Amino acid sequence: MIMTEEQLTAFCKHLLNAQLPQLVPLAIERYRSRTQPISIDLLKLLVWAYRELGDYAKAAEVQPYILRAIPGDIGEQYNYADLLLALGRYEIGWKKYFYRYQMEHTKKIARHVTLGQRWNGQPIKGRRLYLFDEQGLGDTIQFIRFILLAQQVSEAEVFVEVTDALYEIIKRSFPTLHIIRRRDQLEHWDYYCELMNLPLALGTTLETIPAPQGYLTAAPERLAYWRNRLEALGPTRKIALVWAGNPSFSADAIRSPHITPYNLLPSDPRLQYLSVQKGYAEQEYLLSSLNIHSLSAEISDFDDTAAILLNCDLFITSDTSPAHLAGALGVPTWVALPFLADWRWLRDRTDSPWYSTLRLYRQSAARSWNEVFTHIQQDITREFLTS
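Counting from 1, residues in each chain are numbered in the order their sequence is written. Totals for whole chains, interfaces and linings use every residue, but because this is a predicted model, local features are given only for residues with pLDDT of at least 70 and side-chain atom pairs only at 80 or more, for both listing and counting. Here the side-chain values reflect all heavy atoms present in the structure, with hydrogen atoms and water set aside.

Draft legend 1. The sheet that holds strand β2 (residues 128-132), seen in detail. In spatial order, the strands read β1-β5-β2-β3-β4; together these five strands make up an open sheet with parallel pairing. The open sheet has two edge strands, β1 (117-118) and β4 (178-181), and neither has a second partner. Any two strands between which DSSP finds at least two bridges are classified as paired. Numbering of helices and strands runs from the N terminus, with a helix taken as a DSSP run of H or I at least four residues long and a strand as a DSSP run of E at least two residues long. Pairing geometry for β1 and strand β5 (residues 191-194), over two bridges, is parallel. When the bridges of β5 are listed, Gln117 appears paired with Tyr191. Note on contacts: a residue pair qualifies if any of its non-hydrogen atoms lie within 4.5 Å across the two residues. Only the stretch in contact is used when a helix axis is fitted, and all axes are lines through C-alpha atoms; the angle between N-to-C directions ranges over 0 to 180 degrees. Sheet strands touched by helix α10 (residues 164-173): β3 (157-162) and β4. Its angle to β4, the strand with the most contacts, is close to 160°.

Here is the structure:
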(Lines give C-alpha, C1' and ligand atoms only; values in the text may rest on other atoms or scores of the structure.)
Protein backbone atom coordinates (compact mmCIF):
# COMPACT_ATOMS: atom_id res chain seq x y z
CA MET A 1 0.00 0.00 0.00
CA ILE A 2 1.30 3.43 -0.99
CA MET A 3 0.68 6.18 1.55
CA THR A 4 -0.88 9.45 0.58
CA GLU A 5 1.03 12.58 1.56
CA GLU A 6 -1.47 13.26 4.33
CA GLN A 7 -0.96 9.76 5.72
CA LEU A 8 2.81 10.10 5.50
CA THR A 9 2.70 13.44 7.32
CA ALA A 10 0.67 11.91 10.14
CA PHE A 11 3.01 8.90 10.23
CA CYS A 12 6.12 11.09 10.48
CA LYS A 13 4.58 13.11 13.30
CA HIS A 14 3.87 9.85 15.09
CA LEU A 15 7.48 8.73 14.66
CA LEU A 16 8.78 12.01 16.06
CA ASN A 17 6.43 11.91 19.03
CA ALA A 18 7.47 8.30 19.64
CA GLN A 19 11.15 9.36 19.82
CA LEU A 20 11.97 7.61 16.53
CA PRO A 21 13.35 10.51 14.44
CA GLN A 22 15.82 8.23 12.65
CA LEU A 23 12.93 6.65 10.71
CA VAL A 24 11.54 9.93 9.38
CA PRO A 25 14.19 10.61 6.69
CA LEU A 26 13.84 7.02 5.49
CA ALA A 27 10.07 7.32 5.18
CA ILE A 28 10.22 10.67 3.41
CA GLU A 29 13.01 9.66 1.03
CA ARG A 30 11.11 6.52 0.05
CA TYR A 31 8.04 8.62 -0.67
CA ARG A 32 10.05 11.29 -2.52
CA SER A 33 11.55 8.66 -4.84
CA ARG A 34 8.05 8.19 -6.24
CA THR A 35 6.64 11.71 -5.95
CA GLN A 36 8.13 15.12 -6.77
CA PRO A 37 8.02 17.59 -5.20
CA ILE A 38 7.08 16.97 -1.58
CA SER A 39 5.08 19.39 0.55
CA ILE A 40 6.41 22.08 2.87
CA ASP A 41 4.91 20.19 5.83
CA LEU A 42 7.02 17.15 5.01
CA LEU A 43 10.13 19.29 4.60
CA LYS A 44 9.49 20.80 8.03
CA LEU A 45 9.18 17.31 9.51
CA LEU A 46 12.42 16.32 7.80
CA VAL A 47 14.24 19.30 9.36
CA TRP A 48 12.68 18.46 12.71
CA ALA A 49 13.91 14.86 12.43
CA TYR A 50 17.45 15.87 11.47
CA ARG A 51 17.58 18.27 14.42
CA GLU A 52 16.39 15.57 16.81
CA LEU A 53 19.13 13.34 15.44
CA GLY A 54 21.68 16.10 15.99
CA ASP A 55 22.43 16.33 12.27
CA TYR A 56 22.25 20.11 11.98
CA ALA A 57 24.20 20.11 8.71
CA LYS A 58 21.51 18.09 6.92
CA ALA A 59 18.78 20.17 8.54
CA ALA A 60 20.50 23.31 7.25
CA GLU A 61 20.57 21.83 3.74
CA VAL A 62 16.79 21.32 3.76
CA GLN A 63 15.77 24.58 5.47
CA PRO A 64 16.42 26.87 2.43
CA TYR A 65 13.82 24.95 0.41
CA ILE A 66 11.28 25.85 3.08
CA LEU A 67 12.33 29.50 3.09
CA ARG A 68 12.09 29.79 -0.66
CA ALA A 69 8.50 28.55 -0.50
CA ILE A 70 7.44 30.63 2.54
CA PRO A 71 9.95 33.50 2.91
CA GLY A 72 7.57 35.43 5.13
CA ASP A 73 7.50 32.75 7.83
CA ILE A 74 9.44 34.43 10.64
CA GLY A 75 9.64 31.28 12.74
CA GLU A 76 11.28 29.34 9.92
CA GLN A 77 13.74 32.18 9.28
CA TYR A 78 14.68 32.09 12.97
CA ASN A 79 15.00 28.29 12.87
CA TYR A 80 17.50 28.68 10.04
CA ALA A 81 19.47 31.20 12.12
CA ASP A 82 19.62 28.73 15.00
CA LEU A 83 20.97 26.01 12.71
CA LEU A 84 23.56 28.27 11.09
CA LEU A 85 24.82 29.67 14.40
CA ALA A 86 25.09 26.18 15.87
CA LEU A 87 27.18 25.19 12.85
CA GLY A 88 29.42 28.25 13.24
CA ARG A 89 28.24 29.79 9.96
CA TYR A 90 28.09 33.24 11.46
CA GLU A 91 28.21 35.38 8.34
CA ILE A 92 24.66 34.40 7.36
CA GLY A 93 23.62 33.25 10.82
CA TRP A 94 23.80 36.70 12.45
CA LYS A 95 21.72 38.16 9.61
CA LYS A 96 19.03 35.53 10.05
CA TYR A 97 19.20 35.91 13.84
CA PHE A 98 17.91 39.44 13.36
CA TYR A 99 14.49 37.87 12.68
CA ARG A 100 14.13 37.26 16.42
CA TYR A 101 12.89 40.83 16.74
CA GLN A 102 9.82 39.94 14.69
CA MET A 103 8.76 36.83 16.61
CA GLU A 104 5.69 37.15 18.78
CA HIS A 105 7.27 36.04 22.05
CA THR A 106 10.22 38.38 21.45
CA LYS A 107 8.05 41.37 20.62
CA LYS A 108 6.65 41.21 24.15
CA ILE A 109 10.07 41.66 25.77
CA ALA A 110 11.78 43.69 23.04
CA ARG A 111 13.14 47.17 23.74
CA HIS A 112 11.17 49.38 21.37
CA VAL A 113 13.67 52.13 20.65
CA THR A 114 12.28 55.06 18.65
CA LEU A 115 15.06 57.62 19.11
CA GLY A 116 18.14 57.66 16.88
CA GLN A 117 19.29 55.31 14.14
CA ARG A 118 20.35 51.69 14.34
CA TRP A 119 24.14 51.39 14.33
CA ASN A 120 25.43 49.00 11.65
CA GLY A 121 29.15 49.15 12.29
CA GLN A 122 30.04 52.45 10.58
CA PRO A 123 32.29 55.18 12.08
CA ILE A 124 30.23 57.83 13.92
CA LYS A 125 32.99 59.87 15.52
CA GLY A 126 31.80 62.30 18.15
CA ARG A 127 28.25 60.92 18.23
CA ARG A 128 26.57 59.10 21.10
CA LEU A 129 26.07 55.32 20.76
CA TYR A 130 23.60 53.60 23.07
CA LEU A 131 24.09 49.85 23.61
CA PHE A 132 21.72 47.76 25.72
CA ASP A 133 21.05 44.20 26.79
CA GLU A 134 17.97 42.39 25.61
CA GLN A 135 17.72 38.82 26.93
CA GLY A 136 19.14 36.79 29.84
CA LEU A 137 22.04 37.43 32.18
CA GLY A 138 24.21 34.85 30.46
CA ASP A 139 23.56 36.53 27.11
CA THR A 140 24.69 39.87 28.52
CA ILE A 141 27.87 38.37 29.96
CA GLN A 142 28.66 36.62 26.68
CA PHE A 143 28.09 39.64 24.43
CA ILE A 144 29.41 42.41 26.69
CA ARG A 145 32.85 41.55 25.28
CA PHE A 146 31.94 43.42 22.08
CA ILE A 147 31.53 46.87 23.64
CA LEU A 148 35.22 47.83 23.52
CA LEU A 149 35.42 46.83 19.87
CA ALA A 150 32.22 48.78 19.19
CA GLN A 151 33.80 51.83 20.78
CA GLN A 152 36.96 51.40 18.72
CA VAL A 153 35.14 50.93 15.42
CA SER A 154 32.45 53.59 15.95
CA GLU A 155 34.75 56.22 17.50
CA ALA A 156 31.65 57.27 19.41
CA GLU A 157 30.88 58.14 23.00
CA VAL A 158 29.47 54.80 24.14
CA PHE A 159 26.81 54.27 26.81
CA VAL A 160 26.02 50.69 27.83
CA GLU A 161 22.82 49.90 29.69
CA VAL A 162 22.68 46.68 31.74
CA THR A 163 20.45 45.12 34.36
CA ASP A 164 21.06 45.88 38.04
CA ALA A 165 22.31 42.34 38.73
CA LEU A 166 25.35 42.85 36.46
CA TYR A 167 25.89 46.58 36.86
CA GLU A 168 28.70 46.54 39.44
CA ILE A 169 30.85 43.85 37.83
CA ILE A 170 30.48 45.29 34.32
CA LYS A 171 31.14 48.86 35.48
CA ARG A 172 34.31 47.71 37.24
CA SER A 173 35.43 45.66 34.23
CA PHE A 174 34.99 48.42 31.64
CA PRO A 175 36.07 51.63 33.41
CA THR A 176 36.58 53.62 30.19
CA LEU A 177 32.94 53.31 29.10
CA HIS A 178 29.74 54.78 30.46
CA ILE A 179 27.93 51.85 32.13
CA ILE A 180 24.41 52.69 33.26
CA ARG A 181 21.47 50.87 34.83
CA ARG A 182 18.15 50.51 33.09
CA ARG A 183 16.54 52.78 35.61
CA ASP A 184 19.05 55.55 34.84
CA GLN A 185 17.10 56.33 31.63
CA LEU A 186 19.56 57.81 29.18
CA GLU A 187 17.76 60.76 27.61
CA HIS A 188 19.60 61.26 24.32
CA TRP A 189 21.58 59.20 21.83
CA ASP A 190 22.29 59.38 18.12
CA TYR A 191 22.65 55.67 17.37
CA TYR A 192 21.70 52.47 19.17
CA CYS A 193 22.38 48.73 18.98
CA GLU A 194 21.43 45.71 21.05
CA LEU A 195 24.36 43.82 22.59
CA MET A 196 23.34 40.63 20.78
CA ASN A 197 23.27 42.49 17.47
CA LEU A 198 26.86 43.71 17.79
CA PRO A 199 28.32 40.59 16.10
CA LEU A 200 26.26 41.41 13.01
CA ALA A 201 27.25 45.08 13.07
CA LEU A 202 30.92 44.16 13.52
CA GLY A 203 30.94 41.34 10.96
CA THR A 204 31.98 38.72 13.51
CA THR A 205 32.97 35.27 12.26
CA LEU A 206 33.96 32.16 14.18
CA GLU A 207 37.59 33.19 13.75
CA THR A 208 37.20 36.81 14.85
CA ILE A 209 35.27 36.44 18.13
CA PRO A 210 36.98 38.77 20.60
CA ALA A 211 37.86 36.26 23.31
CA PRO A 212 40.19 37.81 25.88
CA GLN A 213 40.70 35.56 28.87
CA GLY A 214 39.25 37.20 31.95
CA TYR A 215 37.41 40.24 30.59
CA LEU A 216 35.35 40.55 33.76
CA THR A 217 36.98 41.63 37.02
CA ALA A 218 35.94 40.58 40.52
CA ALA A 219 35.84 43.00 43.46
CA PRO A 220 39.21 42.83 45.33
CA GLU A 221 37.58 42.96 48.76
CA ARG A 222 35.26 40.06 47.88
CA LEU A 223 38.20 38.05 46.54
CA ALA A 224 40.04 38.50 49.84
CA TYR A 225 36.98 37.63 51.92
CA TRP A 226 36.21 34.44 50.00
CA ARG A 227 39.86 33.40 49.91
CA ASN A 228 39.88 33.38 53.71
CA ARG A 229 36.43 31.77 53.87
CA LEU A 230 37.40 28.86 51.63
CA GLU A 231 40.83 28.38 53.17
CA ALA A 232 39.05 27.83 56.49
CA LEU A 233 37.45 24.72 54.99
CA GLY A 234 40.83 22.99 54.89
CA PRO A 235 43.64 22.19 52.43
CA THR A 236 41.49 20.50 49.81
CA ARG A 237 40.91 21.03 46.09
CA LYS A 238 37.83 23.23 45.83
CA ILE A 239 35.25 22.35 43.17
CA ALA A 240 32.20 24.61 42.82
CA LEU A 241 28.93 23.18 41.52
CA VAL A 242 25.75 24.40 39.81
CA TRP A 243 23.16 21.93 38.55
CA ALA A 244 20.09 23.90 37.43
CA GLY A 245 19.20 27.07 35.56
CA ASN A 246 16.24 29.42 35.54
CA PRO A 247 13.04 27.31 35.37
CA SER A 248 11.25 30.04 33.43
CA PHE A 249 13.51 29.34 30.44
CA SER A 250 11.59 27.18 27.96
CA ALA A 251 14.36 24.58 27.56
CA ASP A 252 15.43 24.41 31.20
CA ALA A 253 14.15 20.86 31.64
CA ILE A 254 16.49 19.79 28.83
CA ARG A 255 19.59 21.73 29.92
CA SER A 256 19.42 21.23 33.73
CA PRO A 257 20.61 17.82 35.02
CA HIS A 258 19.79 18.60 38.67
CA ILE A 259 21.74 16.95 41.47
CA THR A 260 21.30 13.21 40.84
CA PRO A 261 23.98 12.65 38.15
CA TYR A 262 26.43 14.72 40.19
CA ASN A 263 26.49 11.80 42.62
CA LEU A 264 28.72 10.04 40.07
CA LEU A 265 31.55 12.48 40.85
CA PRO A 266 34.35 11.00 42.99
CA SER A 267 33.94 11.22 46.74
CA ASP A 268 37.41 11.77 48.15
CA PRO A 269 38.72 13.61 51.26
CA ARG A 270 41.11 15.55 49.02
CA LEU A 271 38.13 17.20 47.30
CA GLN A 272 35.73 19.74 48.74
CA TYR A 273 32.59 20.32 46.69
CA LEU A 274 30.95 23.72 47.08
CA SER A 275 27.42 24.58 46.02
CA VAL A 276 26.98 28.01 44.45
CA GLN A 277 23.53 27.04 43.17
CA LYS A 278 20.91 29.74 43.62
CA GLY A 279 17.15 29.71 43.29
CA TYR A 280 14.58 26.97 43.50
CA ALA A 281 17.10 24.10 43.26
CA GLU A 282 19.65 25.22 45.84
CA GLN A 283 18.46 22.76 48.52
CA GLU A 284 19.02 19.76 46.24
CA TYR A 285 22.54 19.37 47.65
CA LEU A 286 20.88 17.78 50.69
CA LEU A 287 19.84 14.87 48.45
CA SER A 288 23.39 14.19 47.28
CA SER A 289 25.64 11.38 48.45
CA LEU A 290 28.61 13.75 48.02
CA ASN A 291 29.98 15.89 50.81
CA ILE A 292 28.78 19.24 49.48
CA HIS A 293 29.27 22.41 51.47
CA SER A 294 26.61 24.91 50.45
CA LEU A 295 27.58 28.57 50.07
CA SER A 296 24.26 29.52 48.49
CA ALA A 297 22.85 31.40 51.47
CA GLU A 298 26.01 33.52 51.69
CA ILE A 299 25.90 34.63 48.05
CA SER A 300 24.24 38.01 47.64
CA ASP A 301 25.14 38.86 44.03
CA PHE A 302 27.32 38.07 41.04
CA ASP A 303 30.34 39.63 42.74
CA ASP A 304 30.17 36.99 45.46
CA THR A 305 29.83 34.21 42.88
CA ALA A 306 32.73 35.64 40.87
CA ALA A 307 35.01 35.80 43.90
CA ILE A 308 34.14 32.25 44.96
CA LEU A 309 34.81 30.85 41.49
CA LEU A 310 38.17 32.62 41.25
CA ASN A 311 39.15 30.98 44.55
CA CYS A 312 38.24 27.49 43.35
CA ASP A 313 40.27 24.95 41.40
CA LEU A 314 37.37 23.99 39.15
CA PHE A 315 33.74 24.84 38.41
CA ILE A 316 31.30 22.18 37.16
CA THR A 317 28.00 23.55 35.89
CA SER A 318 25.05 23.13 33.60
CA ASP A 319 24.35 25.61 30.79
CA THR A 320 23.31 28.65 32.80
CA SER A 321 24.52 32.18 33.52
CA PRO A 322 27.28 31.18 36.00
CA ALA A 323 28.91 29.21 33.15
CA HIS A 324 29.23 32.46 31.20
CA LEU A 325 30.40 34.32 34.30
CA ALA A 326 33.13 31.75 34.92
CA GLY A 327 34.23 31.84 31.28
CA ALA A 328 34.36 35.64 31.31
CA LEU A 329 36.49 35.52 34.49
CA GLY A 330 38.89 32.94 33.03
CA VAL A 331 37.97 30.25 35.58
CA PRO A 332 38.58 26.58 34.63
CA THR A 333 35.03 25.38 34.00
CA TRP A 334 33.47 22.13 32.83
CA VAL A 335 30.01 22.55 31.33
CA ALA A 336 27.52 19.66 31.11
CA LEU A 337 25.48 20.05 27.93
CA PRO A 338 22.35 18.32 26.62
CA PHE A 339 22.36 16.46 23.31
CA LEU A 340 20.63 19.37 21.57
CA ALA A 341 22.69 22.12 23.16
CA ASP A 342 22.09 25.84 22.62
CA TRP A 343 23.57 27.28 19.42
CA ARG A 344 26.32 29.20 21.22
CA TRP A 345 28.09 25.95 22.17
CA LEU A 346 28.26 24.90 18.51
CA ARG A 347 28.27 21.18 17.60
CA ASP A 348 30.65 18.33 18.38
CA ARG A 349 33.26 20.46 20.15
CA THR A 350 34.80 20.03 23.59
CA ASP A 351 36.11 23.60 23.61
CA SER A 352 34.48 26.99 23.07
CA PRO A 353 35.74 29.84 20.87
CA TRP A 354 33.85 32.15 23.23
CA TYR A 355 35.67 31.13 26.42
CA SER A 356 39.17 29.65 26.42
CA THR A 357 38.93 28.09 29.91
CA LEU A 358 35.75 26.10 29.26
CA ARG A 359 35.61 22.38 28.57
CA LEU A 360 32.34 21.01 27.17
CA TYR A 361 30.87 17.62 28.06
CA ARG A 362 28.03 16.64 25.74
CA GLN A 363 25.35 13.99 25.86
CA SER A 364 25.66 11.53 22.96
CA ALA A 365 21.90 10.95 23.18
CA ALA A 366 19.00 12.79 24.77
CA ARG A 367 18.73 12.59 28.56
CA SER A 368 22.02 10.67 28.94
CA TRP A 369 23.33 12.68 31.89
CA ASN A 370 24.95 9.65 33.54
CA GLU A 371 27.24 9.29 30.53
CA VAL A 372 28.27 12.96 30.80
CA PHE A 373 29.06 12.77 34.50
CA THR A 374 30.89 9.47 34.14
CA HIS A 375 33.28 11.27 31.77
CA ILE A 376 33.58 14.17 34.21
CA GLN A 377 34.27 11.72 37.04
CA GLN A 378 37.04 10.09 35.03
CA ASP A 379 38.66 13.44 34.26
CA ILE A 380 38.51 14.59 37.89
CA THR A 381 40.13 11.34 38.98
CA ARG A 382 42.89 11.64 36.37
CA GLU A 383 43.59 15.37 36.82
CA PHE A 384 42.98 15.90 40.54
CA LEU A 385 43.45 12.55 42.31
CA THR A 386 46.22 10.75 40.41
CA SER A 387 49.65 11.53 41.80
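More follows now that the structure is in view.
Draft legend 2. Expanded view of the packing of helix α14 (residues 302-310) against helix α15 (residues 321-329). Packing of α14 against α15 brings their axes to within 10 Å, and their N-to-C directions diverge by 60°. When the interaxial angle is binned, α14 and α15 end up oblique. Between α14 and α15 the crossing geometry is right-handed. Mapping the contact onto sequence places Phe302, Thr305, Ala306, Leu309 and Leu310 in α14 and Ser321, Pro322, Leu325, Ala326 and Leu329 in α15. Throughout this description, any angle smaller than 35 degrees is read as roughly parallel, any larger than 145 degrees as roughly antiparallel, any in the 65 to 115 degree range as roughly perpendicular, and the remainder as oblique. Two helices cross in a left-handed way if the nearer one is turned anticlockwise from the farther one by less than a right angle. They cross in a right-handed way if the turn is clockwise.

Draft legend 3. Structural detail: the pattern of salt bridges. A carboxyl oxygen of Asp or Glu within 4 Å of a side-chain nitrogen of Lys or Arg is what we treat as a salt bridge. Taken as a whole and judged by the stated rule, the model has 24 salt bridges. A salt bridge links Arg128 to Glu157; the shortest N-O distance between them is 3.9 Å. With Arg128 in strand β2 and Glu157 in strand β3, this residue pair connects regions lying 29 residues apart in the sequence. Between Asp303 and Arg172 there is a salt bridge, with its nearest N and O atoms 2.9 Å apart. Pair noted here: Asp303 is in helix α14 and Arg172 is in helix α10, with a separation of 131 residues, a long-range link. The partly exposed category is assigned to Arg172, whose relative accessible area is 27%. When accessible area is computed with a 1.4 Å probe and restricted to protein chains, residues below 20% of their type maximum are described as buried, those above 50% as exposed, and intermediate ones as partly exposed.

Draft legend 4. Geometry of a nonpolar patch on the surface. Surface patches are defined over residues having more than 30% relative accessible area and no salt bridge, joining like charges when they lie within 9 Å and nonpolar side chains (Val, Leu, Ile, Met, Phe, Trp, Tyr) when within 5 Å. Every accessible area reported is derived by Shrake-Rupley at a probe size of 1.4 Å, with residue values counting cover from the shown protein chains alone. Together, Leu20, Leu23 and Leu26 make up an exposed nonpolar region whose accessible area comes to about 250 Å². Positionally, Leu26 belongs in helix α2 (residues 23-32).

Draft legend 5. Looking closely at the layout of surface pockets. Here the second largest pocket is characterised by a volume of approximately 310 Å³. Put plainly, a pocket is an open set of points on a 1 Å grid over the protein atoms alone with protein on both sides within 12 Å along at least five of seven lines, a cavity is a set where a 1.4 Å probe fits but cannot get out, and a lining residue has an atom within 4 Å of a point. Lining the second largest pocket are 13 residues, and of these Gln19, Glu52, Leu340, Ala366 and Arg367 lie nearest its centre. Note that Gly is not counted as nonpolar here; it falls among the polar residues with everything else outside the nonpolar set of Ala, Val, Leu, Ile, Met, Phe, Trp, Tyr, Cys and Pro and the charged set of Asp, Glu, Lys and Arg. Looking at the lining of the second largest pocket residue by residue, the classes come out as nine nonpolar, two polar and two charged. Grid points are joined across faces, edges and corners, and a volume is the space filled by probe spheres set on the points.

Draft legend 6. Local environment of the packing of aromatic side chains. Here a pair means two rings of Phe, Tyr or Trp (six-membered ring of Trp) with centres within 6.5 Å. Their orientation is stacked below 30 degrees between planes, edge-to-face above 60, and tilted elsewhere. Per the counting criterion, the structure on display carries 22 aromatic pairs. With centroids separated by 5.1 Å and ring planes inclined at 85°, the aromatic side chains of Tyr225 and Trp226 adopt a geometry described as edge-to-face. Among the residues examined, Tyr225 registers a relative accessible area of 46% and is labelled partly exposed. With relative accessibility at 0%, the residue Trp226 sits in the buried group. On the basis of an interplanar angle of 75° and a centroid distance of 6.0 Å, the ring pair of Trp243 and Tyr262 is categorised as edge-to-face. Of this pair, Trp243 sits in the loop between β6 (237-241) and α13 (252-255) while Tyr262 sits in the loop between α13 and β7 (271-275), and the two are 19 residues apart along the sequence. A residue is classified by how much of its surface remains accessible, and Trp243, at 0% relative accessible area, is buried. Judged by relative accessible area, which is 0%, Tyr262 ranks as buried. Each residue in the set Tyr78, Tyr90, Trp94, Tyr97, Phe143, Phe146, Trp343 and Trp354 is aromatic and connected to the rest through ring pairs, giving one cluster.

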